[in-house]
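One-letter residues, chain by chain:
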Amino acid sequence: MTSTADVHRAADPAPDPHPRRATWSALRPLVLRLHFYAGILIAPFLLVAATTGLLYAASFQIERIVYQHELTASVGQTRVPLSEQVAAARQAHPEGTITAVRPGDDPGQTTAVLLNLPGLAESTQLAVFVDPYTGKVRGALESYGSSGALPVRAWLSSLHRTLHLGEPGRLYSELAASWLWVVALGGLALWLSRRRRNGRRLRGLLAPDRAAGGLRTTLSWHGSVGLWAVLGLLFLSATGLTWSKYAGANVDELRSTLGWTTPSISTSAGDHSSHGATGHQAGAASNVGVDQVVQAAAGKGLSGPLEIVWPGEAGSPYLVKEIDKTAPTRLDQVAVDPATGQVVAELRFADHPLAAKLTRWGIDGHMGLLFGLANQIVVAALAVAVITLIVLGYRMWWRRRPTRGFGRPYPRGAWRGVHWGLLVSLAFLAIAVGYFLPLMGISLAAFLVIDCLLGLRSKMAG
């Protein structure tokens, strides 16, 4: 949320001398300076992240259109047994090793049989699409990651995360996510303080003032849009950091320390031997087949869409997972013994720790999966809001810029009015946040250097 200090300074009345407001009156210039620098220097990264995120929000519909032939099937009266669909995929690609199957859940939806093939990139499998009513293969496409993204959606996802630059590209998105919450909260504090200072009504904060004219109207739009979007921006920032390189590692370490990790179901061969035989002997002797595995999972209440993960080693169980991320509670899992067809382990999403549930919902919400189309619309609206805020912010800055330099963020020396105890606390907070979010810490140090250099130049010019 880029801003311009000149507009704030011109629009605001003189500082309020009331003692109870002295702390904020002293802090406000510091907040405004930080908002200004972040808006000028970090906004380009936020603009790219918002634009690519907007494209990704529409990627699910794009994927269905581009791969309509592979994803859709003619609806018939009866379905071919799932085992025959798997056999058809195996026959079409005998060089592959089956890893999982995602049966078509809705009428007219094909079954995806996932295969490991030599030469495919890491986290990439071949998805063979089979018509569940005829048992015929309709095509094969590369499938990326646990979400099963097909090439066009995977391309847009990589564009959003790394700009197709690999690991170095992750730094841009981490920098954007690290600063988004700071810019959003700083802008919120500045905008709300205007109501107290100017006596504005609540409507004047929620809706832009079209009658103000000039830069005041632009500032009004900037503040109102930011106020409506702030909660969503905080959500995007927090969830986006979970995927980042450096901050993400700190988040994972914190979750492990606090016991917030997501539990997993046991699928090792040694834990599920039956009838006195070892897991390897039981698996080698017989295999009940995927159809009975699905029936066993259904007996435990699991329903589609499902993913059946093939045993990783002889005798280890099938893993059947609910993968309906549009319904935030249908994510149960069961392990099924391939020799007996009996469920030998269960993991209910309802039994997950609250932190693990919030993590799952947060990630799915960021990706636009939670509640389906409604989630996509919200994510797209937030992306448009970020783009709008940045454009408005740069417009204010460009119209108020001086003849040289990139702007005067605010008169210097205001920090001297802040109590030393509060300054020390803020310094320790900045160090702690900078340690946890390394890219933010580095860029904040760069802001301080820039500010000092601009200060020296002003003194020399004066």
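Within an unreviewed UniProt entry, the label attached to the chain reads PepSY domain-containing protein, and the organism entered is Sphaerisporangium album.

Novice: What is the right way to look at the pairing of strand β4 (residues 137-144) in this model?
Specialist: Every other side chain in a regular strand lies on the same face of the sheet, so the side chains alternate between the two faces. In the sheet, strand β3 (residues 124-130) pairs with β4 via 7 bridges, with the strands oriented antiparallel. Across the sheet, residue Q125 finds its bridge partner in β4, namely S143. In this antiparallel pair of consecutive strands, β3 and β4, the connection spans 6 residues, and G135 shows a positive phi of 75°.

Novice: Is there a simple way to think about the UniProt feature "transmembrane region" (unreviewed entry) in the chain in this case?
Specialist: Within this structure's numbering, the places UniProt gives as "transmembrane region" (unreviewed entry) are residues 34-58, 175-193, 225-244, 369-392 and 413-433. End-to-end, the C-alpha atoms of residues 34-58 are 33 Å apart, and along that stretch the chain is 92% helix and 0% strand. Secondary structure across residues 225-244 divides into 85% helix and 0% strand, with the first and last C-alpha atoms of the span separated by 27 Å.

Novice: Can you help me understand unusual backbone geometry in this one?
Specialist: Leaving glycine aside, a negative phi is the common case for residues, and trans is the common case for peptide bonds. We note that L163 has phi near 55°; this positive angle belongs to a residue other than glycine. Looking at the element boundaries, L163 is found in the loop between α7 (151-162) and α8 (170-198). Owing to a relative accessible area of 29%, L163 belongs among the partly exposed residues under this scheme. With a phi close to 60°, H164 is a non-glycine residue in the positive phi region. Looking at the secondary structure, you find H164 in the loop between α7 and α8. Among the residues examined, H164 registers a relative accessible area of 37% and is labelled partly exposed.

Novice: What is the right way to read a nonpolar patch on the surface from this model?
Specialist: Residues W420, V424, F428 and I431 make up a contiguous nonpolar surface patch of about 500 Å² in total accessible area. Take F428: it is sitting in helix α16 (residues 420-436). Overall, the relative accessible area of 58% leaves F428 in the exposed class.

Novice: Hey, could you run me through the pattern of salt bridges in this one?
Specialist: Side chains that differ in sign of charge can pair as their charged atoms come close. Overall, the coordinates contain 10 salt bridges when judged by the stated rule. A salt bridge links D332 to R348; its shortest N-O distance comes to 3.1 Å. Separated by 16 residues along the polypeptide, D332 in the loop between β6 (318-322) and β7 (333-336) and R348 in the loop between β8 (343-347) and α14 (354-367) bring together distant segments of the chain. Shared partners join several salt bridges into a network, and the residues in it are K300, D332, E346 and R348.

Novice: Mind showing me how you'd approach the sheet that holds strand β2 (residues 111-116) here?
Specialist: The strands making up a sheet associate through hydrogen bonds between their backbones, and the pairing can be parallel or antiparallel. Pairing is antiparallel across the open sheet formed by 8 strands, whose spatial order is β4-β3-β2-β1-β5-β6-β7-β8. Either end of the sheet is taken by a strand with one partner, and the two such strands are β4 and β8. Along the sheet, successive strands turn relative to each other by an average axial angle of 20°, direction set aside. Judged from the 4 bridges that link them, β7 and β8 form a sheet pairing that is antiparallel. The partner of Q333 across the bridge, within β8, is L347. Running at roughly 125° to strand β5 (residues 306-309), helix α13 (residues 290-299) makes contact with β5, β6, β7 and β8 of the sheet.

Rules behind the numbers
Residues numbered from 1 in each chain as written. Predicted model: local features only at pLDDT ≥ 70, side-chain atom pairs only at ≥ 80, totals over all residues. Heavy atoms only, no water. Pairing = 2+ DSSP bridges. Helix = DSSP H or I, 4+ residues; strand = E, 2+ residues; numbered from the N terminus. UniProt positions renumbered as here; feature names shortened; annotations may be inferred. Buried < 20%, exposed > 50% of the residue type's maximum accessible area, 1.4 Å probe, protein only. Patch = residues over 30% accessible without salt bridge, like charges linked within 9 Å, V, L, I, M, F, W, Y side chains within 5 Å. Areas by Shrake-Rupley, 256 points an atom, 1.4 Å probe, with all protein chains shown as cover. Salt bridge = Lys/Arg side-chain N within 4 Å of Asp/Glu carboxyl O. Axes fitted to C-alpha atoms, helices over the stretch in contact; angles between N-to-C directions. Contact = heavy atoms within 4.5 Å.

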